[in-house]
Amino acid sequence: MLKCKICGCEFNAVKERHYISRDNGKYGLATAFGSNPEDILHDTFDCPACGCQITVQERKREYVLSKNKIMEKNKD
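Everything in this summary refers to the structure shown in the same document.

About the criteria used
Per chain, residues are indexed from 1 in the order of the written sequence. Confidence filtering applies because this is a predicted model: local features only for residues at pLDDT of at least 70, side-chain atom pairs given and counted only at 80 or more, and all residues used for totals across whole chains, interfaces and linings. Water and hydrogen atoms were dropped before computing side-chain values, which therefore reflect all heavy atoms in the structure. Secondary structure elements are taken from DSSP: a helix is a run of H or I of four residues or more, a strand is a run of E of two residues or more, and numbering for both begins at the N terminus. For each residue, the accessible area found with a 1.4 Å probe, counting protein chains only, is set against the maximum for its type, and the residue is called buried under 20%, exposed over 50%, and partly exposed in between. Working definition of accessibility: Shrake-Rupley area with a 1.4 Å probe, residue cover restricted to the visible protein chains. Pairing between strands requires that DSSP locate at least two bridges from one strand to the other. Simply put, an axis is a line fit to the C-alpha atoms, just over the touching stretch for a helix, and the angle between two N-to-C directions goes from 0 to 180 degrees. The term disulfide is used for any two cysteine sulfur atoms that are within 2.5 Å.

1. Some remarks on the overall build of the chain
Point 1. Across its full length, the chain carries two helices and five strands.
Point 2. Listed by position from the N terminus, the elements making up the chain come as β-β-β-α-β-β-α.
Point 3. Every one of the 76 residues in the chain was classed for burial, and the buried ones make up 14%.
Point 4. When the accessible surface of the chain is summed, it comes to about 6700 Å², and 50% of that surface belongs to carbon and sulfur atoms.

2. Let's talk about the sheet that holds strand S3 (residues 19-22)
Point 1. An order of S3-S4-S5 is seen for the three strands of this open sheet, with the pairing classed as antiparallel. A single partner strand is all that each edge strand has here, and the edge strands are S3 and strand S5 (53-59). Neighbour-to-neighbour, the strand axes of the sheet open up by a mean angle of 40 degrees, direction not taken into account.
Point 2. Where strand S4 (residues 41-46) lies against S5, six bridges are found, and the strand directions are antiparallel. Within S5, the residue paired with Asp43 across the bridge is Gln57.

3. Describing the pairing of S4
Point 1. Along S4, five of the six residues are buried, which leaves the element largely enclosed by surrounding structure.
Point 2. Connecting S4 to the antiparallel partner S5 that follows it, the hairpin turn spans six residues, and Gly51 within it adopts a positive phi of roughly 85 degrees.

4. Re the environment of Gly8
Point 1. As for its placement among the helices and strands, Gly8 is situated in the loop between strand S1 (2-3) and strand S2 (10-11).
Point 2. Along the primary structure Gly8 and Cys50 are separated by 42 residues, whereas in three dimensions their C-alpha atoms are 9.6 Å apart.

5. So, the state of the cysteines
Point 1. Throughout the structure, instances matching the rule amount to zero disulfides.
Point 2. Cys47 takes part in no disulfide bond, and the closest cysteine sulfur, belonging to Cys7, lies 3.7 Å away.
Point 3. When its relative accessible area of 4% is taken as the criterion, Cys47 is described as buried.
Point 4. The thiol of Cys52 is not disulfide-bonded; the next cysteine sulfur, from Cys50, is found 3.5 Å away.

Structure (structure tokens):
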């Protein structure tokens, strides 16, 4: 169960209401000099009663092994 911090409504975290949000990032020329390579993603739900956004947790990206890494593993 999730609980809205604004109105106190409690509701189930169902897949149909889930979406992924991201933090504000740098754009344009600022990205060339920045040190943060990726935007931070969050699992997010909207409160069904008042519509406030509820950020549940940081979402990690799936790690995909490159073909070169797989070939190196198979050599061992």
